[in-house]
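A look at the structure
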Amino acid sequence: MNDVEAHELVTATARSARVAQRSLARAPRAVKDAALETMAHSLTEHGEAILAANAADLERGRQGGMKAGLLDRLALDSGRLSAIADSLREVAALPDPVGQVVDGSVMPNGLRVRRVRVPLGVVGMIYEARPNVTVDTAALAVKSGNAIILRGGSAAQDSNAAIVTALRSALEAQGLPADLVSSIDAAGRDGARALMRAHGLVDALVPRGGAGLIRTVVEQSTVPVIETGSGNCHVYVDASADLEAAVNIIVNAKTQRVGVCNAAETLLVHADVAATYLPAAARALWDKDTVLHTDSTAHQLLTEAAADGGHDDLLTEATEADWDTEYGSLDLAVRVVKSLEEAIDHIRAHTTGHTEAVLAQDVSVINDFIAGMDSAAVMVNASTRFTDGGQLGLGAELGISTQKLHARGPMGLSELTTTTWIVEGDGHIRP
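This structure is a prediction, so every number in the text was calculated from the model and none was measured.

Although it is not a glycine, Asp289 sits at a positive phi angle of roughly 65 degrees. Mapped onto the secondary structure, Asp289 falls in the loop between helix 11 (271-286) and strand 9 (291-294). The class of Asp289 is exposed, set by a relative accessible area of 52%. Within the chain, Asn381 stands out as a residue other than glycine whose phi angle is a positive 55 degrees. As for its placement among the helices and strands, Asn381 is situated in the loop between strand 13 (377-380) and strand 14 (400-401).

Next comes the structure, spelled out in structure tokens:
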């Protein structure tokens with residue numbers, strides 16, 4: 001498909017989405033919740049076809065040398081598919097944001113003023129290798145009264161096509177337009193560029209993926225962008241930390257799922273506890289085959305432990321580039337710091353503004369760390385993996401916004417709405 005054909009496809013899709021969205025904008029909650037329940041059921045009904053399509057995507061990814069972390073993001077099995085279907089039901093159980101009164105008042109002249117939540121309209125989504133995102137974004141869009149246009153990337157093209165087919169059939173079964181959920185994957189990269197330039201047809205665009213993808217969308221789009229960010233997430237272990245808990249937390253934050261944006265990429269350890277904490281943490285991480293990229297102090301502390309355990313191949317000296325790397329793999333940068341202030345300075349110099357964690361028992365340290373951060377989420381004695389819409393009560397998420405306008409952190413239903421001012425009078429005229 002050439003550039004002209006891609007533009008025509010995206011334009012036609014966006015226009016159809018705008019028409020479809022009107023039927024949902026004022027739909028009562030019961031209608032939207034029933035649609036979500038039917039969508040969940042449809043995923044199960046189409047499960048065999050979806051998993052077969054996913055297997056084809058995975059095989060193509062392996063043949064193309066896709067990294068393990070990305071393969072994990074891409075992979076579906078019956079358990080994951082069931083969990084994705086359940087996420088639709090979880091969104092259905094959430095309060096409907098549309099029509100909520102944000103604030104209101106009666107002016108001195110008697111005008112009655114209120115500000116209410118309304119759908120954004122048509123939302124575009126450009127993302128990579130994440131079939132679950134196809135479902136999450138569709139669920140959030142339908143519940144919040146929006147239409148969604150999806151560009152899921154070539155890595156998951158078969159999975160996404162099968163999923164979108166299931167979702168569209170469910171919408172039609174409920175008497176709603178199938179064009180509330182559309183895919184432009186057939187238009188390839190030219191389609192993605194056309195979506196970025198569909199100003200006036202698409203109301204907001206959300207990129208979700210690697211730093212290169214996000215940067216491209218932000219720089220090239222004429223459609224307003226809600227920017228998500230890559231996740232160079234840090235964990236700081238203070239001298240006052242519960243060290244046993246801190247070992248468990250860093251193992252979870254790094255290894256529970258390595259390919260996600262809320263996985264830890266850098267570990268900072270206070271010098272007063274480094275000699276005790278680092279060998280214990282390293283052994284637990286090495287048991288998970290994690291390569292540690294260490295500064296000179298951490299390297300010296302871990303050389304003997306690596307040799308004793310036969311893990312010399314999992315210990316290497318960090319370069320300056322390691323502090324800015326979102327690995328998406330079983331790699332972790334490690335640095336020993338002399339103070340809380342040094343930890344904060346390091347994070348502020350290298351963070352992508354996603355999630356930082358402080359492990360400490362000293363309340364003043366915790367408060368100073370929180371005050372020193374400028375990220376979308378701060379964890380206190382908890383894994384960075386909790387920066388997730390499902391974990392924080394949103395049911396699902398559109399992505400993790402690292403910008404500061406409109407939405408920040410996990411984006412759920414309310415972030416897919418804007419507000420309208422409603423002003424009621426009794427023949428009022430302005431003097």
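So, on to the nonpolar core. Counting residues in each nonpolar core, the largest one holds 68 residues, and the members touching the most others are Met39 and Leu43. Setting aside chain neighbours within four positions, we find Met39 in contact with Leu88, Ala138, Val142, Leu167, Ala170 and Leu171.

Within the structure shown, the criterion is met by 1 aromatic pair. Geometrically, the ring pair formed by Tyr236 and Phe369 is stacked, given 6.2 Å between the ring centres and 10 degrees between the ring planes. Taken together, the positions of Tyr236 in strand 7 (residues 233-237) and Phe369 in helix 14 (residues 363-372) put the pair 133 residues apart, joining distant regions of the chain. On the basis of relative accessible area, Phe369 is assigned to the buried category, the value being 0%.

Below, the discussion takes up the sheet that holds strand 3 (residues 122-127). Taken in spatial order, the 4 strands line up as 5-4-3-6 in an open sheet, and their pairing is parallel. Strands with a single pairing partner mark the edges of an open sheet, and in this sheet they are strand 5 (181-183) and strand 6 (204-208). When the angles between neighbouring strand axes are averaged without regard to direction, this sheet yields 20 degrees. Both strand 4 (residues 147-151) and strand 5 contribute to a ladder of 3 bridges, which runs parallel. Within strand 5, the residue paired with Leu150 across the bridge is Ser183. Taken strand by strand, helix 1 (residues 3-25) contacts strand 3, strand 4 and strand 5, and its axis lies near 155 degrees from that of strand 4. Those strands touched by helix 7 (residues 157-173) are strand 3, strand 4 and strand 5, and its axis lies near 150 degrees from that of strand 5.

The next subject is the environment of Ala306. Summarising the element assignment, Ala306 is placed in helix 12 (residues 296-308). Given the relative accessible area of 0%, Ala306 is considered buried. With 24 residues separating them in the primary sequence, Ala306 and Ala282 have C-alpha atoms 8.4 Å apart.

Attention now moves to the UniProt feature "domain: Aldehyde dehydrogenase" (unreviewed entry) in the protein. In the numbering used here, UniProt assigns the feature "domain: Aldehyde dehydrogenase" (unreviewed entry) to residues 8-284. Helix and strand shares over residues 8-284 are 54% and 16% respectively, and the end C-alpha atoms of the span are 54 Å apart.

Two elements in contact, helix 2 (residues 29-45) and helix 6 (residues 131-143), have axes separated by 9 Å at closest approach and are oriented at 160 degrees. By the angle between their axes, helix 2 is roughly antiparallel relative to helix 6. The two elements helix 2 and helix 6 meet at a crossing, and its hand is right-handed. Here Arg29, Lys32, Asp33, Ala35, Leu36, Met39 and Leu43 of helix 2 come into contact with helix 6, specifically with Val135, Ala138, Ala139, Val142 and Lys143. Broken down by class, the residue content of the contact of helix 2 with helix 6 amounts to 8 nonpolar, no polar and 4 charged.

This paragraph deals with the side chain of Thr38. Inspection of the secondary structure puts Thr38 in helix 2. The contacts of Thr38, once residues within four sequence positions are left out, are Ala170, Ala173 and Gln174.

What follows concerns the packing of helix 11 against helix 12. Working note: a packed helix pair is described by the angle between its axes plus the distance between those axes. Across the interface, helix 11 lies against helix 12 with an axial gap of 9 Å and an inter-helix angle of 55 degrees. The angle between helix 11 and helix 12 places the two elements in the oblique class. Relative to helix 12, the crossing made by helix 11 is right-handed. Each of Ala274, Ala275, Leu278, Pro279, Ala282, Arg283 and Trp286 in helix 11 lies in contact with helix 12, whose residues at this interface are Ala298, Leu301, Leu302, Ala305 and Ala306. Across the contact of helix 11 with helix 12, the residue classes break down as 11 nonpolar, no polar and 1 charged.

The strand order across the open sheet formed by 7 strands is 10-9-11-8-7-12-13, and the pairing between neighbours is parallel. Only two strands of the sheet have a single neighbouring strand rather than two, namely strand 10 (315-317) and strand 13. Each neighbouring strand pair of the sheet contributes to a mean axis angle of 20 degrees, computed without reference to strand direction. As defined by bridge partners, strand 12 (residues 355-359) adjoins strand 13 across 4 bridges and the pair is classed as parallel. Its bridge partner lying in strand 13, Val358 is registered against Val380. On top of the sheet, helix 12 reaches strand 9, strand 10 and strand 11 (331-337); it is set at about 155 degrees to strand 10, its chief contact.

Cut-offs applied
- Residues numbered from 1 in each chain as written.
- Predicted model: local features only at pLDDT ≥ 70, side-chain atom pairs only at ≥ 80, totals over all residues.
- Heavy atoms only, no water.
- Helix = DSSP H or I, 4+ residues; strand = E, 2+ residues; numbered from the N terminus.
- Buried < 20%, exposed > 50% of the residue type's maximum accessible area, 1.4 Å probe, protein only.
- Core = buried A, V, L, I, M, F, W, Y, C linked by side-chain atoms within 4.5 Å.
- Contact = heavy atoms within 4.5 Å.
- Phe/Tyr/Trp six-rings, centres within 6.5 Å; stacked < 30°, edge-to-face > 60°.
- Pairing = 2+ DSSP bridges.
- Axes fitted to C-alpha atoms, helices over the stretch in contact; angles between N-to-C directions.
- UniProt positions renumbered as here; feature names shortened; annotations may be inferred.
- Parallel < 35°, antiparallel > 145°, perpendicular 65-115°, else oblique.
- Left-handed = near helix turned anticlockwise from the far one by under 90°.
- Nonpolar A, V, L, I, M, F, W, Y, C, P; charged D, E, K, R; others polar.

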